[in-house]
Amino acid sequence: MQLIAATGNQNKLRELREIFPEHQFLSAKEAGFSGDVEETGTTFRENALLKARTVCRATGKPALADDSGLCVDALNGAPGVYSARYSGGGDAENRKLLLKNLEGVENRRAHFVCCIALVFPDGRELVAEGRTEGTILHENRGTGGFGYDSLFLSDDLGKSFAEASEEEKNAVSHRGRAINKLKEML
Ligand code: ITT
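Residues numbered from 1 in each chain as written. Predicted model: local features only at pLDDT ≥ 70, side-chain atom pairs only at ≥ 80, totals over all residues. Heavy atoms only, no water.

**Some words on the packing of aromatic side chains**
We count it as follows: When two rings of Phe, Tyr or Trp (its six-membered ring) have centres within 6.5 Å they constitute a pair, described as stacked for plane angles under 30 degrees, edge-to-face for angles over 60, and tilted for the intermediate range. A run of H or I in DSSP becomes a helix once it reaches four residues, and a run of E becomes a strand once it reaches two; helices and strands are each numbered from the N terminus. Per-residue accessibility, obtained with a 1.4 Å probe over protein chains only, is compared with the maximum for each type, and a residue is labelled buried under 20%, exposed over 50%, and partly exposed between these values.
If you walk through the whole model with that rule in mind, you get four aromatic pairs. Between Phe20 and Phe25, the aromatic rings sit 6.1 Å apart at their centres with planes inclined by 45°, giving tilted as the arrangement. Both rings, one in Phe112 and one in Phe152, keep their centres 4.6 Å apart while their planes meet at 55°; by these two values the pair is tilted. With Phe112 in strand β4 (residues 109-119) and Phe152 in strand β6 (residues 152-154), this residue pair connects regions lying 40 residues apart in the sequence. An identical accessibility class is assigned to Phe112 and Phe152; each is buried. Members of the aromatic cluster, connected to one another through ring pairs, are Phe112, Phe152 and Phe161.

**Focus on the sheet that holds β6**
Strands belonging to one sheet form pairs held by backbone hydrogen bonds; the direction of such a pair is parallel or antiparallel. Defined as follows: When DSSP finds two or more bridges between a pair of strands, those strands are recorded as paired. Throughout, an axis means a line fitted to C-alpha atoms (over the contacting stretch in the case of helices), and angles, computed between N-to-C directions, take values from 0 to 180 degrees. Residue contacts follow a heavy-atom distance rule, with two residues in contact if any of their heavy atoms lie within 4.5 Å.
The six strands are arranged β2-β1-β3-β4-β5-β6 in an open sheet whose pairing can be described as mixed. The open sheet has two edge strands, β2 (24-27) and β6, and neither has a second partner. In this sheet, adjacent strand axes meet at a mean angle of 40° when their direction is disregarded. Across the sheet, helix α2 (residues 44-59) is in contact with β1 (2-5), β3 (63-72), β4 and β5 (125-136); its angle to β3 comes to roughly 160°. Packed on one face of the sheet, helix α5 (residues 174-185) meets β3, β4 and β5 and runs near 155° to β5.

**Topic: the pattern of salt bridges**
To keep it simple, the criterion reads: A pair is scored as a salt bridge if a Lys or Arg side-chain nitrogen falls within 4 Å of a carboxyl oxygen belonging to Asp or Glu.
Overall, the coordinates contain 17 salt bridges when judged by the stated rule. Where Lys51 meets Glu39, a salt bridge forms, and the shortest distance between an N and an O atom there is 3.3 Å. Highlighted residues: Lys51 in helix α2 and Glu39 in the loop between β2 and α2, separated in sequence by 12 residues. According to the relative accessible area criterion, Lys51 is buried, its value standing at 7%. Residue classification places Glu39 among the partly exposed residues on the basis of a relative accessible area of 25%. Salt-bridge contacts for Asp155 lead to Arg109; the nearest nitrogen and oxygen are separated by 2.8 Å. One end of the pair, Asp155, is in the loop between β6 and α4 (166-172); the other, Arg109, is in strand β4, and 46 residues separate them in sequence. The class for Arg109 is partly exposed, based on a relative accessible area of 29%. By sharing partners, the salt bridges in this structure join Lys12, Glu15, Asp66, Asp149, Lys169 and Arg175 into a single network.

**A short note on the nonpolar core**
As a reminder, the rule being used: To define a nonpolar core, start from buried Ala, Val, Leu, Ile, Met, Phe, Trp, Tyr and Cys residues and group those joined through side-chain atoms within 4.5 Å.
Grouped together as the largest cluster of nonpolar side chains are 21 residues, with contacts concentrated most on Ile4, Phe44, Val55 and Ala117. It is α2 that provides the largest number of residues to this core, a total of six residues. Those residues in contact with Phe44, other than ones at most four positions away along the chain, are Asp67, Ser68, Gly69, Cys71, Gly80, Val81, Val113 and Cys115. One finds Leu13, Phe25, Phe120 and Ala128 within the second-largest nonpolar core, a separate group that totals 16 residues.

**Here we look at α5**
Heads up, the condition is: Take the number of residues in a helix, subtract one, and multiply by 1.5 Å to get its expected span.
With 12 residues, α5 extends 17 Å from end C-alpha to end C-alpha; this agrees with the ideal 16 Å at 1.5 Å per step. Considered for burial, the residues of α5 that qualify are His174, Arg175, Gly176, Ala178, Ile179 and Leu182. Those residues of α5 hidden inside the fold are in contact with α1 (10-19), β3, β4, β5 and α4.

**Observations concerning the site of the ligand**
Quick reminder of the rule: The rule for a residue being near a molecule or strand is that one of its heavy atoms must lie within 4 Å of it. By the criterion applied in these results, polar contacts are pairs of N or O atoms within 3.5 Å in which, for protein atoms, one can donate a hydrogen and the other can accept it, and in which residues neighboring in sequence qualify only through two side-chain atoms. Per-residue accessibility takes into account occlusion by the displayed protein chains alone, with areas from the Shrake-Rupley method and a 1.4 Å probe.
Around the ligand, a shell composed of 20 residues is seen, among which Thr7, Lys12, Lys51, Asp149 and Lys169 lie nearest. Gly8 places a polar main-chain atom, nitrogen or oxygen, 2.8 Å from an oxygen atom of the ligand. One of the side-chain N or O atoms of Arg175 is found 3.0 Å from a nitrogen atom in the ligand. Coverage of the ligand by the protein chains reaches 90% of its 610 Å² of free accessible surface.

Below you can see the structure in the form of structure tokens.
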């Protein structure tokens, strides 16, 4: 099946292609959609559906969106749905702000959430969610991955997501788990 990936995040697109090789992913841009969808929802599910519905409507093709983020227990779930916009800067600034907000905080438990929405032109909608647990490190570790990966010590892997290979991360990640659930639904 040809799916339009309703994301402007190249790292997500790379991971989606690795985790879901059965399908051909076109970026929204390649499918002729160059707009930016405003994420007005307050949940991962709402934002994933918002992005997938918008791109499906605009292109007339099945669209898959990923809304994801990092939820830190001691910060009452922040940055959550605001993970990409946490500091107002890029990934490095977001990580810096996270470390600052956790200075002196003992409980560093956190989890990543990923909500995948797949919307078809005939109106069918599938939504799947995945989650992965870990703790926030005191400094960056590893050079792979993106976003908060170098600060996230995975319970499953015993190393940070930025130290893990792509295969290792995808096997236990929130994104890998959400896509696996979606595969079962399909
Ligand atoms: P699109 O909305 O265009 O897909 P985005 O980057 O704005 O791209 P989100 O609103 O879903 O996407 O924000 C997700 C943010 O959460 C992302 O920018 C990272 O900072 C973080 N994040 C999500 N998955 C991650 C992962 O696997 N590893 C590290 N950080 C991740």
